[in-house]
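What follows is each chain in one-letter form.
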Amino acid sequence: RIYPISPEYNVVHNYIEWLYKMPWNVSSKTKIDIKKARKILDEDHYGLEEIKERILEYLAICQLQEKPGATIMCFVGPPGVGKSSLGRSIARSLGRKSIQMSLGGMHDEAEIRGHRRTYVGAMPGSIIQNIKRAGENNPVIMLDEVDKLGIGNFQGDPASALIEVLDPELNFAFNDHYLDVPFDLSNTLFITTANILDPIPPALLDRMEVIKLPGYTEQEKIQIAKQYLVPKQIKFNGLQKNAFTIDDEALSYIIRRYTREAGLRDL
């Protein structure tokens, strides 16, 4: 009933549009197949046996409950060991949409919880925005670099705002400041990654299960290079498969002399 020329018209129109476009009851059918999940994890990652076993245990619990387990997994390890790609593999094995959010340098609480509608140009927080973009209320959301969250200042503390998102006891009625209506995040699967644990506040760390990814040994790196990295680079550079060969000694020389690192990024 508001006149279209009124400045209030657009504010209310946007708010109502957000409310009816949110996937309140839309969720993708999750069909968990443990054997298929194991195959996907082996396709994407070499080694990491203990971590794969833990992921499969987690998926088995999800299968029994027919909903995500109450555990939030936090993969911790040096750069290049495959933390983010493990999250993508989990989404693939669940058959759900995967959303990646980088938390590095985020210093405003409103980026998580949204702005109140009284502000000009107010928007919901990035959690609600990503769920609307996914079009379903149970995607897999990867929260990258949780250890690099900005330190709280006059704009609030984003790490404290994340506690409500990641706590299974609280997130069934997540209250975004913009929507101002409780949204159920309990079906959403959150996976976090970090390089080190020290900067993560204890209250936030308490809500996550830490899974440490150590670096790879030289033998593992050689196998990963042969099976994944070299074929990928040959394809990327438009070369033919049999144009040349790289033997194990050459790979070993590169690993020892040029890329002494825990992960595989330089290699």
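Calculation notes
Residues numbered from 1 in each chain as written. Predicted model: local features only at pLDDT ≥ 70, side-chain atom pairs only at ≥ 80, totals over all residues. Heavy atoms only, no water. 1 Å grid on protein atoms, 1.4 Å probe; cavity = no way out; pocket = protein on both sides within 12 Å on 5 of 7 lines; lining within 4 Å. Points joined across faces, edges and corners; volume = space filled by probe spheres on them. Helix = DSSP H or I, 4+ residues; strand = E, 2+ residues; numbered from the N terminus. Nonpolar A, V, L, I, M, F, W, Y, C, P; charged D, E, K, R; others polar. Phe/Tyr/Trp six-rings, centres within 6.5 Å; stacked < 30°, edge-to-face > 60°. Lys NZ or Arg CZ within 6 Å of the ring centre and 35° of its normal. Salt bridge = Lys/Arg side-chain N within 4 Å of Asp/Glu carboxyl O. Pairing = 2+ DSSP bridges. Axes fitted to C-alpha atoms, helices over the stretch in contact; angles between N-to-C directions. Contact = heavy atoms within 4.5 Å. Buried < 20%, exposed > 50% of the residue type's maximum accessible area, 1.4 Å probe, protein only.

1. Points about the layout of surface pockets
In step 1: Counted as a void, the largest pocket has a volume near 980 Å³.
In step 2: Taken together, 34 residues form the lining of the largest pocket, with Gly80, Ile224, Leu229, Lys232 and Leu264 sitting closest to its centre.
In step 3: Where the lining of the largest pocket is concerned, the elements lending two or more residues are α4 (83-94), α9 (218-236) and α10 (248-257).
In step 4: The element best represented in the lining of the largest pocket is α9, accounting for nine residues.
In step 5: Residue composition of the lining of the largest pocket, grouped by class: 15 nonpolar, ten polar and nine charged.

2. A look at the packing of aromatic side chains
In step 1: This model, assessed by the stated rule, comprises three aromatic pairs.
In step 2: Aromatic side chains Trp24 and Phe183 sit 5.2 Å apart centroid to centroid with 50° between the ring planes, which places their arrangement in the tilted category. Within this pair, whereas Trp24 is found in the loop between α1 (7-21) and α2 (34-44), its partner Phe183 is found in strand β5 (residues 182-183), the two being separated by 159 residues in sequence.
In step 3: Note on Tyr253 and Tyr258: the rings are 6.3 Å apart at their centroids and 55° apart in plane angle, and the pair reads as tilted.
In step 4: The side chain of Arg117 reaches across the aromatic face of Tyr15, ending 3.9 Å from its centre.
In step 5: Cation over ring: Lys132 sits above Trp18, and NZ or CZ is 4.2 Å from the ring centre.

3. Let's talk about the pattern of salt bridges
In step 1: Applying the stated criterion across every chain, the model contains 15 salt bridges.
In step 2: A salt bridge links Glu57 to Arg54, with the shortest nitrogen-to-oxygen separation between them at 3.8 Å. In this pair, Glu57 and Arg54 both sit in helix α3 (residues 49-65), three residues apart, roughly one turn of the helix.
In step 3: Salt-bridge contacts for Arg113 lead to Glu109; the nearest nitrogen and oxygen are separated by 2.7 Å.

4. Considering the sheet that holds strand β3 (residues 140-144)
In step 1: Taken in spatial order, the five strands line up as β2-β3-β6-β1-β7 in an open sheet, and their pairing is parallel. A single partner strand is all that each edge strand has here, and the edge strands are β2 (98-102) and β7 (209-212). Averaged over all pairs of adjacent strands, the angle between strand axes in this sheet comes to 25°, irrespective of strand direction.
In step 2: Against the sheet, helix α6 (residues 126-134) touches β2, β3 and β6 (189-194), its axis set at about 155° to β2.

5. Here we look at the pairing of strand β1 (residues 73-76)
Each regular strand shows side chains that alternate between the opposite faces of the sheet.
In step 1: Where burial is concerned, the two faces of β1 agree: the one with Met73 and Phe75 and the one with Cys74 and Val76 are both buried.
In step 2: Across four bridges, the pairing between β1 and β6 is parallel. Looking at the pairing, Cys74 lines up with Thr192 of β6.
In step 3: In the sheet, β1 pairs with β7 via four bridges, with the strands oriented parallel. Each bridged residue has a counterpart across the sheet, and for Phe75 the counterpart in β7 is Ile211.

6. Details of the environment of Gly114
In step 1: For Gly114, the location among the structural elements is in the loop between α5 (110-113) and α6.
In step 2: Residue Gly114 is classed as buried on the basis of its relative accessible area, which comes to 2%.
In step 3: Here the alpha-carbon distance between Gly114 and Asp198, two residues 84 residues apart in the chain, equals 27 Å.

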